[in-house]
Amino acid sequence: MTRVRRGYTARRRRTKIRLFASTSRGAHSRLTRTITQQKMRALASSHRDRGRQKRDFRRLWITRINAVTRENKVLYSYSRLIHNLYKKQLLLNRKIPAQIAISNKNCLYMISNKIIK
């Protein structure tokens, strides 16, 4: 059986991997084995951090809403505001009230007064 020269296939595979790591420095952009390890690590980190980003934003929105509610004595706490939103079946996610709290505090105050009544 004749010997198969793997130059073309292997080179194509390596250049595909190298394109991923072209912005890295040192061995992370030059050595194939290191590039492969770095790629696996980067993909794992990005997968992990997508979940973490959602968590962090939710915490930020809750903090903003809570700060405004306590400042304006809207309902004295974030948890009461959210509880009353659910009781009145106003299905707002945390993002919308947080944006309202930043841009227009009086609007959040009006919403909370409508909920209480």
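Note that this is a predicted model, so its numbers are computed, not measured. (Residues numbered from 1 in each chain as written. Predicted model: local features only at pLDDT ≥ 70, side-chain atom pairs only at ≥ 80, totals over all residues. Heavy atoms only, no water.)

A. Quick peek at the pattern of salt bridges. Under the defined criterion, the tally for this structure stands at three salt bridges. Linking aspartate 49 and arginine 48 is a salt bridge whose minimum nitrogen-to-oxygen distance equals 3.2 Å. Assessed through its relative accessible area of 44%, arginine 48 is described here as partly exposed. The shortest N-O distance in the salt bridge between aspartate 49 and arginine 52 comes to 3.8 Å. In this pair, aspartate 49 and arginine 52 are both assigned in helix H2 (residues 32-71), three residues apart and thus about one turn of the helix distant. Taking the relative accessible area as the measure of exposure, aspartate 49 reaches 31% and is therefore partly exposed. (Salt bridge = Lys/Arg side-chain N within 4 Å of Asp/Glu carboxyl O. Buried < 20%, exposed > 50% of the residue type's maximum accessible area, 1.4 Å probe, protein only. Helix = DSSP H or I, 4+ residues; strand = E, 2+ residues; numbered from the N terminus.)

B. Seen up close, helix H3 (residues 78-87). For H3, the complete set of buried residues consists of Tyr78, Leu81, Ile82, Asn84 and Leu85. The buried side chains of H3 occupy one side of the element, clustering within an arc of 165° when seen end-on. Note on H3: the residue one or two positions beyond its end, glutamine 89, has a positive phi of about 60°. (Arc of directions from axis to C-beta.)

C. Main features of the nonpolar core. Ranked by size, the top nonpolar core spans seven residues in total: Ile65, Tyr78, Leu81, Ile82, Leu85, Ala98 and Ile115. Excluding residues within four positions of it along the chain, leucine 85 makes contact with Leu90, Leu92 and Ile115. (Core = buried A, V, L, I, M, F, W, Y, C linked by side-chain atoms within 4.5 Å. Contact = heavy atoms within 4.5 Å.)

D. Focus on unusual backbone geometry. Notably, glutamine 89 is not glycine yet its phi reads approximately 60°, a positive angle. Note on glutamine 89: relative accessible area 67%, which makes it exposed.

E. View of the packing of aromatic side chains. In this structure the tally under the stated criterion is one aromatic pair. Aromatic side chains phenylalanine 57 and tryptophan 61 sit 5.9 Å apart centroid to centroid with 35° between the ring planes, which places their arrangement in the tilted category. Separated by four residues within a single helix, phenylalanine 57 and tryptophan 61 lie in helix H2, roughly one turn from each other. Overall, phenylalanine 57 belongs to the partly exposed group, its relative accessible area being 39%. (Phe/Tyr/Trp six-rings, centres within 6.5 Å; stacked < 30°, edge-to-face > 60°.)

F. Representation of the side chain of serine 112 within the structure. Residue position: serine 112 is located in helix H5 (residues 105-116). You can call serine 112 buried: its relative accessible area is 0%. At 2.7 Å, the side chain of serine 112 and the backbone oxygen of tyrosine 109 are in polar contact. (Polar contact = N/O pair within 3.5 Å; in protein donor to acceptor, adjacent residues only side chain to side chain.)

G. Region of interest: H5. Compared with the 16 Å implied by 1.5 Å per residue over twelve residues, the 17 Å span of H5 between its first and last C-alpha is a close match. Those residues of H5 not exposed but buried are Leu108, Ser112 and Ile115. The buried residues of H5 all sit within an arc of 55° when viewed along its axis, so they share a single face. Facing away from the buried side of H5, by more than 90 degrees, are the exposed residues Asn106, Met110 and Lys114. Close packing links the buried residues of H5 with H2, H3 and helix H4 (95-103). (Expected span 1.5 Å × (residues − 1).)

H. Structural detail: the packing of helix H1 (residues 7-20) against H2. At a minimum axis separation of 9 Å, H1 and H2 run at an interaxial angle of 50°. By the angle class used here, H1 and H2 are oblique. Read as a crossing pair, H1 and H2 show a hand that is left-handed. In contact with Arg14, Ile17, Arg18 and Phe20 of H1, H2 contributes Thr32, Ile35, Thr36, Lys39 and Ala42. Split into classes, the residues belonging to the contact of H1 with H2 amount to four nonpolar, two polar and three charged. (Axes fitted to C-alpha atoms, helices over the stretch in contact; angles between N-to-C directions. Parallel < 35°, antiparallel > 145°, perpendicular 65-115°, else oblique. Left-handed = near helix turned anticlockwise from the far one by under 90°. Nonpolar A, V, L, I, M, F, W, Y, C, P; charged D, E, K, R; others polar.)

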